[in-house]
Amino acid sequence: MTRKRRSGADPVLTEIVRNGVLAVTEEMKTNLMRTAYNMIIYEALDFTVGLFTADGDTVSIGLGLPMFIRGMSQTIKAELRQFGAGGLKPGDILVTNDAYTTGSHLNHFTFSLPIFDDGKLCGFACCMAHWTDVGGNLGGITTDIYSEGIQIPIMKYQKAGVVNQELVDIIRMNVRLPERAMGDLRAQITAVKTGERRFLELLDRYGRDTVLAAIRDIMNHSEAAARARTRSIPDGVYEAESYMDDDGVEIGKRVPIRVRVVVKGDAMTIDLSQVGAQVAGFYNSGATTGYACAQVAYKCLTSPSDYPINEGSFRPLKVVLSRGTVVSAERPAAMRWWMTFPMTVVDTVFKAMEKAIPGRTIAGHHADLLVALINGIAPKDGRFFIASVGPSGGGWGAKLTEDGMSATVCLNDGDTHNSPCEQMEAKYPLLFECHALREDSGGAGRNRGGLGTEQVIQARAPITVNMQVDRVHCAPWGLAGGRDGKGNEVRLRLGGKEVSNLPNAKVLTQRLNPGDAFTLRAGGGGGFGPPAERDPDKVAYDVRQGYVSREAARTIYAVELDPAGNVDPGRTQRLRRRVRGT
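Residues numbered from 1 in each chain as written. Predicted model: local features only at pLDDT ≥ 70, side-chain atom pairs only at ≥ 80, totals over all residues. Heavy atoms only, no water.

Let's talk about helix H5 (residues 165-173)
- Among the residues of H5, Leu167, Val168 and Ile171 are the ones counted as buried. In an axial view of H5, the angular spread of the buried residues amounts to 100°, which keeps them on one side of the axis. Exposed side of H5, more than 90 degrees from the buried face: Glu166 and Met173 are the residues found there.
- Here the buried face of H5 lies against strand E3 (93-96), strand E4 (108-117), strand E6 (155-159), strand E7 (162-163) and helix H6 (178-206). (Buried < 20%, exposed > 50% of the residue type's maximum accessible area, 1.4 Å probe, protein only. Helix = DSSP H or I, 4+ residues; strand = E, 2+ residues; numbered from the N terminus. Arc of directions from axis to C-beta. Contact = heavy atoms within 4.5 Å.)

Written out as structure tokens, the structure reads:
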């Protein structure tokens, strides 16, 4: 039985506080976007902001990236272990980008501001955001953390209101574009100070003890909702497995992804201890991300619409990790491309739950950022630049009740956006020849998987491109008789000739000359249910829209169309009888 927690907060005030903390994190998010210097923050939204309790528990986060759910909380708890509550003072701001604390790569700088009210520590404002460059190797596969850039242990960026200028100078000297890095640093400071100011206003208006009691109640409500939804899942042990193509070092050597989910009453255990061992390439992530994988999957299965996202939602969840896996890697494992493998871990948890709760799970999705990292000298000003194409939209898996979404960013990226083609062409020597949906990329099924996208980007000046795409060979799987979607794909056009025989989609430090191009093809989502059970009128509509080819309509969906593109009922009925063997 769950122990009832009572705080005595007024229910009406609790709802005011619930919306208040959401408003605080949304304003933090807005101010960061408006003041950041790099497109990956103000356009792609590769960041998360949040409010936390004095113990480091999540109160509200402004998505952002779902995988940061655990990262900021764990970082604050690590800072509390290092300094202790007594070692923090008003005016302090803490910073780190330690990959083994945040669970992600060194590009994620995390600033935390302890919030004091009348001398009492009552919470934290935190911001984790992606810096375009943190030094280290510019391209290629890294095989240890030391080659990936500057490492900042947990430190005080600001102590009692005074900025640690020596630390700032060290950071400036270790990045290639210091003016842009410093701009993003100041934007993050703006975000956490916004969180401090607005949270203190909330405490001042309603009283510190009252607001903190309301936050405890909000967490208790979230816990109750998660437990109730967990009880609706049949007790049992559910397992599934998939794999990643390779780690970029041992080409073609698959990395196993095995998950085990145990449901008992109102509690769930997600066991990731059998996920593959940490790899030589840079696809590892720290244990914080292993916990985040389980939390993201659990949140989606139990309380996806319960806001704000807070610690209470995860109290019924137990996570099992073993040391030294690709989602619990240990130093000095390389972690630059930390975000790819966790998406498939979450996807595989959904796969495991299909038999238990088919109405609440989803077929496999494209599960990759499909990002191209680019660097070179800009012809218009002769300055060195670093840019990225993506994250690219791909296909999401179909569900029991509906088709999958098309051209949607991968699970790990949540609310992130791709960078507009027009901005990329205006800022960098690139030309987007094509940005379109991929016909027939969605897995066939009673409900069809979403479609992936195709982008063809031409170099207008000499550039170097790095692409680290996975899930080429482990295509997005269908469920309940649905077909797999097409996998991700990378192609090159060099000197006018197409290069399509790549063993995987990891193309590193590739030099492109003017007129050369690269192609990013995002996979489609898996289908749900047998394709021959799809409504023929929906198939005809898909053909008219260019989502499905006439050939696939006939050979996979068993739907015959007349020359005008309408369903031929008689021929379709006969064709489907043959498919069913009746």
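Having seen the structure, we can now continue with the description.
A few points about the pattern of salt bridges
- Counted under the stated rule, the structure contains 34 salt bridges.
- The partner of Glu27 in a salt bridge is Arg198, with the nearest N and O atoms 2.8 Å apart. Note that Glu27 is positioned in helix H1 (residues 11-35) and Arg198 in helix H6, a separation of 171 residues in sequence.
- Here the salt bridges do not stand alone but share partners, grouping Glu223, Arg227, Arg231, Asp266 and Arg315 into one network. (Salt bridge = Lys/Arg side-chain N within 4 Å of Asp/Glu carboxyl O.)

Considerations on the packing of aromatic side chains
- One pass over the full model with this rule turns up 6 aromatic pairs.
- Between Phe111 and Tyr157 the ring centres are 5.6 Å apart and the planes differ by 90°, which places this aromatic pair in the edge-to-face class. Pair noted here: Phe111 is in strand E4 and Tyr157 is in strand E6, with a separation of 46 residues, a long-range link.
- Look at Phe111 and you get buried, because its relative accessible area is 0%.
- The buried category is assigned to Tyr157, whose relative accessible area is 9%.
- The structure contains a cluster of three or more aromatic residues connected by ring pairs, namely Phe282, Tyr283, Trp337 and Phe341.
- Sitting above the plane of the Tyr243 ring, Arg254 keeps its charged end 3.8 Å from the centroid. (Phe/Tyr/Trp six-rings, centres within 6.5 Å; stacked < 30°, edge-to-face > 60°. Lys NZ or Arg CZ within 6 Å of the ring centre and 35° of its normal.)

Let's talk about the pairing of E3
- Burial along E3 is two-sided: the residues Ile93 and Val95 and Leu94 and Thr96 are all buried.
- Pairing geometry for E3 and E6, over 3 bridges, is antiparallel. Paired with Ile93 across the strands is Gln158, a residue of E6. (Pairing = 2+ DSSP bridges.)

What to know about the sheet that holds strand E12 (residues 372-377)
- A sheet is described by the order of its strands in space; here 4 strands give the open sequence E13-E12-E16-E19, paired in antiparallel fashion. The open sheet is flanked by strand E13 (384-389) and strand E19 (505-512), the only strands paired with a single partner. Averaged over all adjacent pairs, the angle separating strand axes in this sheet is 10°, with direction ignored.
- Two strands pair when backbone bridges link them, and strand E16 (residues 463-469) and E19 are joined in this way by 6 bridges, in the antiparallel orientation. Note on E19: the bridge partner recorded for Val465 is Gln510. (Axes fitted to C-alpha atoms, helices over the stretch in contact; angles between N-to-C directions.)

Quick notes on the side chain of Glu454
- For Glu454, the location among the structural elements is in strand E15 (residues 453-459).
- A distance of 3.2 Å separates the side chain of Glu454 from the side chain of Arg521, its partner in a polar contact.
- Not counting the four nearest positions on each side in its chain, Glu454 is found in contact with Cys434, His435, Ala436, Arg438, Thr519, Leu520 and Arg521. (Polar contact = N/O pair within 3.5 Å; in protein donor to acceptor, adjacent residues only side chain to side chain.)

Comments concerning the sheet that holds E15
- If you walk across this open sheet you meet the 5 strands as E14-E15-E20-E17-E18, and the pairing is antiparallel. The open sheet has two free edges, formed respectively by strand E14 (430-437) and strand E18 (497-499), since each of these has just one partner strand. Put simply, the sheet's adjacent strands are angled 15° from each other on average, direction ignored.
- Where E15 meets strand E20 (residues 517-521), 5 bridges bridge the pair, whose relative direction is antiparallel. For Glu454, the partnering residue across the bridge sits in E20 and is Arg521.

Remarks on the confidence of the model for the protein chain
- On average, residues of the protein chain score 94 in pLDDT, and 98% of them are at 70 or above.
- Segment residues 1-6 is flagged for pLDDT under 50; beyond a separation of four residues in sequence, or across chains, it makes 7 contacts in the model. (pLDDT = per-residue confidence, 0-100.)

Some details on the packing of helix H7 (residues 208-231) against helix H8 (residues 287-302)
- It is the contact of H7 with H8, at a shortest axis distance of 9 Å, that shows an interaxial angle of 75°. The angle between H7 and H8 places the two elements in the roughly perpendicular class. Contacts from Ala226, Arg227, Arg229 and Thr230 in H7 reach Tyr298, Leu301 and Thr302 in H8.
- In terms of residue class, the contact of H7 with H8 is built from 3 nonpolar, 2 polar and 2 charged. (Parallel < 35°, antiparallel > 145°, perpendicular 65-115°, else oblique. Nonpolar A, V, L, I, M, F, W, Y, C, P; charged D, E, K, R; others polar.)

Things to note about the packing of H8 against helix H9 (residues 340-352)
- Look at H8 against H9: their axes get within 9 Å of each other, and the N-to-C directions meet at 40°. When the axes of H8 and H9 are compared, the pair comes out oblique. You can see that H8 and H9 cross each other, and the crossing is right-handed. Across the interface between the two elements, Thr289, Cys293, Val296, Ala297, Cys300 and Leu301 of H8 pack against Pro342, Val345, Val346, Val349 and Phe350 of H9.
- Here the residues of the contact of H8 with H9 sort into 10 nonpolar, 1 polar and no charged. (Left-handed = near helix turned anticlockwise from the far one by under 90°.)

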